[in-house]
Amino acid sequence: MIIDKNFKGLVYRDGHYFYDGNIETTENLEIQLDCWLEVTGSIKAGWYIKAGWSIDAGGYIKAGGYIDAGGYIKVGWSIDAGGYIKAGRYIKAGRSIEAGGSIDAGGSIKAGEYIKAGRSIEAGGSIEAGESYGISAGLQITAKETITCGLKIFAGICTWKNTNDSEKTITCSKLISG
C-alpha cells in the first residue's frame, strides 16, 4: 500500500498531512509524502512501514518486519516490529518500544514503559524507559547521552548465538538510573 497526497481521507493542514482513523494493511506500507504524517489511530502493516519523513500515531505502530522513518517516530501507545525500528531523529512511545532486531535513532529513544530489542539499541541522544520498567537488548546498548530507567538494564542477553564481550556492553555519557 502506498500513501501519497492522493490517499483517500488524507488532509493537508497546519504544515503536515493528517489522517483521521487507522491505517491497516496486510501488505507493505510506503508513506510517500513531502512532510510528516499524523494519524489519530494506529498504523499496521504486514511486513514493513517506510516513510521519508516523520510518523505520528495516536495509537500504536506495528509491522511484521521493520519500521523505517527519515524523521521521528512518535506514538501514544506502542511501537512493535518483528525486525528493526529505525528513525533519523527520535523514537518516542507512550508505552513500549519492542523490536525483534535493532532499535536505532539519530536522536533519543523514550518509552513510558519498557524498551526491548532482540539485537542492539543505539541512540544519538538519550535512552529512557519508564520508572517502573527496564531496558533489554540481545546485544549492546549505546547512547551518546544518558540512560535512565526505573528497573534493570540488560545487554548481551542474546539466546541465538555466543556473544563476545563487546556485544555485552552498555555505553553512555552518564547512567542516571537503572
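Structural data are supplied above this passage.
Each value, and the rule that gives it
Residues numbered from 1 in each chain as written. Predicted model: local features only at pLDDT ≥ 70, side-chain atom pairs only at ≥ 80, totals over all residues. Heavy atoms only, no water. Helix = DSSP H or I, 4+ residues; strand = E, 2+ residues; numbered from the N terminus. Buried < 20%, exposed > 50% of the residue type's maximum accessible area, 1.4 Å probe, protein only. Core = buried A, V, L, I, M, F, W, Y, C linked by side-chain atoms within 4.5 Å. Contact = heavy atoms within 4.5 Å. Pairing = 2+ DSSP bridges.

Undergrad: Sorry if this is basic, but what is going on with the side chain of Thr 163 here?
TA: Of note, Thr 163 is situated in the loop between β25 (153–155) and β26 (170–171). A relative accessible area of 19% places Thr 163 in the buried class.

Undergrad: Just to check I follow, could you spell out the nonpolar core for this structure?
TA: Here is a general trend for soluble globular proteins: nonpolar side chains tend to be buried in one another's company. Counting residues in hydrophobic clusters, the biggest one holds 50 residues, and the most contacted among them are Ile 49, Ile 121, Ile 127 and Ile 135. Ignoring sequence-local partners within four residues, the contact set of Ile 121 consists of Ile 103, Ile 109, Ile 115, Ile 127, Ile 135, Ser 136, Ala 137, Gln 140, Ile 141 and Thr 142.

Undergrad: I tried to follow the sheet that holds strand β22 (residues 135–137) on my own but got confused; where do I start?
TA: Hydrogen bonds between backbone atoms are what pair the strands of a sheet, whose relative direction is either parallel or antiparallel. In spatial order, the strands read β4-β7-β10-β13-β16-β19-β22-β25; together these eight strands make up an open sheet with parallel pairing. Across the chains shown, the open sheet's two edge strands, defined by having one partner strand only, are β4 (23–24) and β25. In terms of strand pairing, strand β13 (residues 79–81) meets strand β16 (residues 97–99) through three bridges, oriented parallel. Paired with Asp 80 across the two strands is Glu 98, which belongs to β16.

Undergrad: How should the pairing of strand β3 (residues 16–19) be read in this particular structure?
TA: Within a regular strand, the side chains alternate between the two sheet faces. Sheet topology places strand β2 (residues 11–13) next to β3; three bridges connect them, and they run antiparallel. Within β3, the residue paired with Val 11 across the bridge is Phe 18. Linkage of β2 to β3, two consecutive antiparallel strands, is achieved through a turn of two residues, within which Asp 14 is found at a positive phi near 55°. The pairing of β3 with strand β6 (residues 37–39) spans three bridges and is parallel. Each residue of the ladder has a partner; that of Phe 18, found in β6, is Glu 38.

Undergrad: Mind showing me how you'd approach the environment of Cys 35 here?
TA: Tracing the sequence through the fold places Cys 35 in the loop between β5 (29–31) and β6. Look at Cys 35 and you get buried, because its relative accessible area is 10%. Leaving out residues up to four positions away in the same chain, Cys 35 has contacts with Tyr 12, Gly 15, His 16, Tyr 17 and Trp 53.

Undergrad: What am I meant to see in unusual backbone geometry here?
TA: A positive phi angle, near 55°, is found at Asp 14, a position not held by glycine. Positionally, Asp 14 belongs in the loop between β2 and β3. The class of Asp 14 is exposed, set by a relative accessible area of 71%.

Undergrad: I keep staring at the sheet that holds β26 and nothing clicks. Help me out?
TA: With respect to topology, nine strands assemble into an open sheet ordered β1-β5-β8-β11-β14-β17-β20-β23-β26, the strand pairing being parallel. Across the chains shown, the open sheet's two edge strands, defined by having one partner strand only, are β1 (2–3) and β26. With three bridges connecting them, strand β11 (residues 67–69) and strand β14 (residues 85–87) associate as parallel partners. In the strand pairing of β14, Asp 68 is matched with Lys 86.

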